[in-house]
Amino acid sequence: MAVSAPRRWREDDRAPPEVRDLLAAGRAPRGMSPAERARAARQAARLAAAPAGWFAWSAASKAVAASLATVGLVAAARVLAPRATAPRTVPPSAETPRTPRRHAPPSPAPAPSPAPLPRMEAPGVPAAPSGVSAAPPVIRVEEARTHAVPRARPAPPAVPPAGSAPVLAPAPGTAPAPAPTPRDESLAAEAALLARAQRLLEGDPEASLELLDAHAGFTHPRLAEERELLAVLALQRLGRGEAMRARGEAMLSRWPSGAAAQRVRRLLGATAPP
Amino acid sequence: MKARGPGAQWGHAVAIALHPVPAAFVSEAPDVGAVVAEHGDFLCKTLQRCGVREADVPDVLQEVLIVVHRKLPSYDAARPMPPWLFGICLRVATAHRRLAWVRRERPVEHAPEDATRAAPIDPEEAASRAQARARLGRVLDAMDPDPRALLVMFEIEGMACDDIAAIVGAPVGTVWSRLHAARRQFEAALARLRARESRGWP
């Protein structure tokens, strides 16, 4: 190998001196600092526990759909009793008539946008790290939560109760919808909320924005970056260019890197004023 | 596992929700934590070799880990991991460098981290060294990530071609020819830099 292997410039007298000087000034890349190692290990643990990053949204929304189906009653309610359940929740649906539009089938009765938050006050098993999963059919909320399936699927528990609760358990969150005090702050709830907002993005961006605002009320949101991305997309679809730019730039200053930031940057670049 | 694909219908999804995946199936693939523990240093260095600035490494590394996590199930455990990781780092770093704000940013003459490094003995020499380093940075930044990484490994880190071949996942002969190409790119970039400097451009 020594025969035809290239000689290093730095050791080669025929190499231009300027090049040798430049290369001599070069510094070998550094390794991983302990802080970075710790951070990376934390991230790895998060990734292993909950595949609910931005890239897993489609999977997350599928999981939501899956657990809705699991409850089983939802389907029945969709076919048989959309009308029967509706009257029970008249006040909330009257307050926020937007969101049910597209979601009436999957979550028949309670769909008004602030509703999912307060209803998840049930004895929140922290869904995020432990990976509590889909509720078995036909059980009321409290019991459903105890049936943990050892799978890393954060989204399900948040929504199935939302769909099933009003029908099965007599008024689990009897409090009318807009009392958001005891709110489920689990990652699952966040993911479910954002998944709904994402689904509304195309059809009804304004409703999507409302949901995102609801998410902004979380005290320790873990998916804030994703929320901002969705908000920017929603504003874009609404044609509110300036608001979109402002929000996008605020997001970029807070999360300057990452996949969401990339997308926003592309978006802002595409619509940049000349 | 096939039911998890993007095309999974509700029926599949229900099956997933009701039947936990067998433990053996899950533990088969290595997990990101193990990759970080074993190859963390390598990932950091490779990103820098590909042109990611030191200060940006933690953020870009985050993206790399996401990709690794997503692709681990398709990783063939019989093959060495470094080339696989190298390919991921290369792609992520390339995408990162394409970002408008990274491109627009001028390379920093004195990286803030310099203060924490070994104190320079002679300030004058240190200054000229820093200047040379800044020039080198500009030349390297003008190169494509792939040849750049090779050149850095060979010319700056002084690695053996065999080791480089093991990282890149190519035969040594290929490494040689790619090194030659990388040198030509380096020289061309240096010539452009000189031309700019002679005209007084930044």
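Engineer: Please explain the overall build of chain B as it appears in this structure.
Structural biologist: What chain B contains, in helices and strands, is 10 helices and 0 strands. If you list the helices and strands of chain B from N to C, you get α-α-α-α-α-α-α-α-α-α. Per-residue burial over chain B gives 41% buried out of 202 residues. Contacts spanning at least 24 positions in sequence make up 65% of the contacts within chain B whose residues lie at least 6 apart. Carbon and sulfur atoms form 57% of the exposed surface of chain B, whose accessible area is close to 10700 Å².

Engineer: Got a minute to help me understand the packing of helix H2 (residues 34-49) of chain A against helix H3 (residues 32-49) of chain B in this structure?
Structural biologist: Packed helix pairs are characterised by how far apart their axes lie and by the angle those axes make with each other. Viewed as axis vectors pointing N to C, H2 of chain A and H3 of chain B meet at an angle of 145 degrees, and their least axial separation amounts to 9 Å. You can see that H2 of chain A and H3 of chain B cross each other, and the crossing is right-handed. Facing Glu36, Arg37, Ala40, Ala41, Ala44 and Leu47 of chain A of H2 of chain A, the residues of H3 of chain B in contact are Val32, Gly33, Val36, Ala37, Asp41 and Cys44 of chain B. Considered class by class, the residues forming the contact of H2 of chain A with H3 of chain B number 8 nonpolar, 1 polar and 3 charged.

Engineer: It is not clear to me how the environment of Met81 of chain B should be interpreted in this structure. Could you clarify?
Structural biologist: Residue and element names in this part refer to chain B. Inspection of the secondary structure puts Met81 in helix H5 (residues 81-98). Assessed through its relative accessible area of 10%, Met81 is described here as buried. Residues Met81 and Ala166 lie 85 residues apart in sequence; the distance between their C-alpha atoms is 9.9 Å. Beyond its immediate sequence surroundings of up to four residues, Met81 is in contact with Val35, His39, Leu72 and Tyr75.

Engineer: Got a minute to help me understand the packing of aromatic side chains in this structure?
Structural biologist: Each pair of aromatic rings is reported with the distance of its centres and the angle of its planes. Applying the stated criterion to the full structure yields 2 aromatic pairs over all chains. Aromatic side chains Trp9 of chain A and Phe186 of chain B sit 5.5 Å apart centroid to centroid with 50 degrees between the ring planes, which places their arrangement in the tilted category. Here the residue Trp9 of chain A occupies a position in the segment before helix H1 (17-25), and Phe186 of chain B occupies one in helix H10 (residues 172-198), the pair thus bridging two chains. In this structure Trp9 of chain A comes out as buried when scored by relative accessible area, which is 5%. Since its relative accessible area comes to 0%, Phe186 of chain B is described here as buried. Taken together, a centroid distance of 4.8 Å and an interplanar angle of 45 degrees make the contact between Tyr75 of chain B and Trp84 of chain B tilted. Of the two residues, Tyr75 of chain B and Trp84 of chain B, neither departs from the other in class, the shared state being buried.

Engineer: I'm lost on helix H8 (residues 145-156) of chain B in this one. Help?
Structural biologist: Each α-helix winds once per 3.6 residues, and so residues spaced three or four apart point in a common direction. For H8 of chain B, a buried count of 11 out of 12 residues is recorded, marking the element as mostly surrounded by other parts of the structure. Taken together, the buried positions of H8 of chain B are Pro145, Pro147, Arg148, Ala149, Leu150, Leu151, Val152, Met153, Phe154, Glu155 and Ile156 of chain B. Those residues of H8 of chain B that are buried are in contact with H1 of chain A together with H3, H5, helix H7 (123-141), helix H9 (161-168) and H10 of chain B. Once H8 of chain B finishes, Gly158 of chain B follows within two positions and takes phi at roughly 70 degrees, a positive value.

Engineer: Explanation requested: the environment of Arg7 of chain A in the structure shown.
Structural biologist: Positionally, Arg7 of chain A belongs in the segment before H1. Apart from the residues within four sequence positions on either side, Arg7 of chain A is in contact with Asp12 and Arg14 of chain A together with Phe154, Glu155 and Arg183 of chain B.

Engineer: Explain helix H16 (residues 259-270) of chain A here, please?
Structural biologist: Compared with an ideal rise of 1.5 Å per residue, which puts 12 residues at 16 Å, H16 of chain A spans 17 Å between its outermost C-alpha atoms and is within 8% of the ideal. Of the residues making up H16 of chain A, those classed as buried are Ala260, Ala261, Gln262, Val264, Arg265, Leu267 and Leu268 of chain A.

Engineer: Could you clarify how one ought to interpret the confidence of the model for chain A in this entry?
Structural biologist: Caution is warranted with low-pLDDT regions, since their predicted coordinates should not be read in detail. Residue and element names in this part refer to chain A. Mean pLDDT over chain A works out to 65, with 48% of the residues at or above the 70 mark. The model gives residues 51-56 a pLDDT under 50, and that stretch makes 15 contacts with residues more than four places away or in other chains. Scored below 50 in pLDDT, residues 84-181 makes 167 contacts in the model with residues more than four places away or belonging to other chains.

Engineer: Looking at this model, I keep getting lost on the environment of Arg237 of chain A. Mind explaining?
Structural biologist: Residue and element names in this part refer to chain A. Note on placement: Arg237 falls in helix H14 (residues 224-237). Arg237 sits 32 residues away from Pro205 along the chain, and the two C-alpha atoms are 6.6 Å apart. Apart from residues no more than four positions distant in its own chain, Arg237 is found in contact with Leu201, Glu202 and Pro205. Within polar-contact distance, the side chain of Arg237 engages the side chain of Gln236 at 3.3 Å.

Engineer: Looking at this structure, how should I read the pattern of salt bridges?
Structural biologist: Going through the model one piece at a time under the given rule, you end up with 20 salt bridges over all chains. For Arg14 of chain A, the salt bridge goes to Asp12 of chain A, with nearest N and O atoms at 3.3 Å. Glu54 of chain B is the salt-bridge partner of Arg27 of chain A, the closest N and O atoms lying 3.4 Å from each other. In this pair, Arg27 of chain A sits in the loop between H1 and H2 while Glu54 of chain B sits in the loop between H3 and helix H4 (57-71), so the two residues belong to two different chains. Sharing partners across several salt bridges, the network here consists of Glu18 of chain A together with Arg135, Arg194 and Glu197 of chain B.

Engineer: What am I meant to see in the state of the cysteines here?
Structural biologist: Residues and elements named next belong to chain B. This model, assessed by the stated rule, comprises 0 disulfides over all chains. With no disulfide of its own, Cys44 lies 8.8 Å from the sulfur of Cys89, the closest cysteine sulfur. Distance from the sulfur of Cys50, which forms no disulfide, to the nearest cysteine sulfur (Cys89) is 6.5 Å. Accessibility expressed as a relative area gives 0% for Cys50, which makes it buried.

Engineer: Honestly, the packing of H14 of chain A against helix H15 (residues 241-254) of chain A in this entry has me stumped. Any pointers?
Structural biologist: Residue and element names in this part refer to chain A. In contact at an axis separation of 9 Å, H14 and H15 are set at 165 degrees when each is read in the N-to-C sense. What the angle tells us is that H14 and H15 run roughly antiparallel. H14 and H15 meet at a crossing whose hand is left-handed. Within the contact between the two elements, H14 uses Glu225, Arg227, Glu228, Leu229, Ala231, Val232, Leu235 and Gln236 and H15 uses Ala243, Met244, Arg247, Gly248 and Met251. Residue composition of the contact of H14 with H15, by class: 7 nonpolar, 2 polar and 4 charged.

Engineer: Explain the confidence of the model for chain B to me, please; I cannot follow it from the model alone.
Structural biologist: All names here are of chain B. Overall, the prediction assigns chain B a mean pLDDT of 80, with 74% of residues at 70 or greater. Of the regions scoring below 50 in pLDDT, residues 1-28 engages in 28 contacts with residues more than four places distant in sequence or in other chains. Complex prediction metrics read pTM 0.48 and ipTM 0.72.

Procedures and definitions
- Residues numbered from 1 in each chain as written.
- Chains lettered and ligands numbered in written order.
- Predicted model: local features only at pLDDT ≥ 70, side-chain atom pairs only at ≥ 80, totals over all residues.
- Heavy atoms only, no water.
- Helix = DSSP H or I, 4+ residues; strand = E, 2+ residues; numbered from the N terminus.
- Buried < 20%, exposed > 50% of the residue type's maximum accessible area, 1.4 Å probe, protein only.
- Contact = heavy atoms within 4.5 Å.
- Areas by Shrake-Rupley, 256 points an atom, 1.4 Å probe, with all protein chains shown as cover.
- Axes fitted to C-alpha atoms, helices over the stretch in contact; angles between N-to-C directions.
- Left-handed = near helix turned anticlockwise from the far one by under 90°.
- Nonpolar A, V, L, I, M, F, W, Y, C, P; charged D, E, K, R; others polar.
- Phe/Tyr/Trp six-rings, centres within 6.5 Å; stacked < 30°, edge-to-face > 60°.
- Expected span 1.5 Å × (residues − 1).
- pLDDT = per-residue confidence, 0-100.
- Polar contact = N/O pair within 3.5 Å; in protein donor to acceptor, adjacent residues only side chain to side chain.
- Salt bridge = Lys/Arg side-chain N within 4 Å of Asp/Glu carboxyl O.
- Disulfide = S-S within 2.5 Å.
- Parallel < 35°, antiparallel > 145°, perpendicular 65-115°, else oblique.

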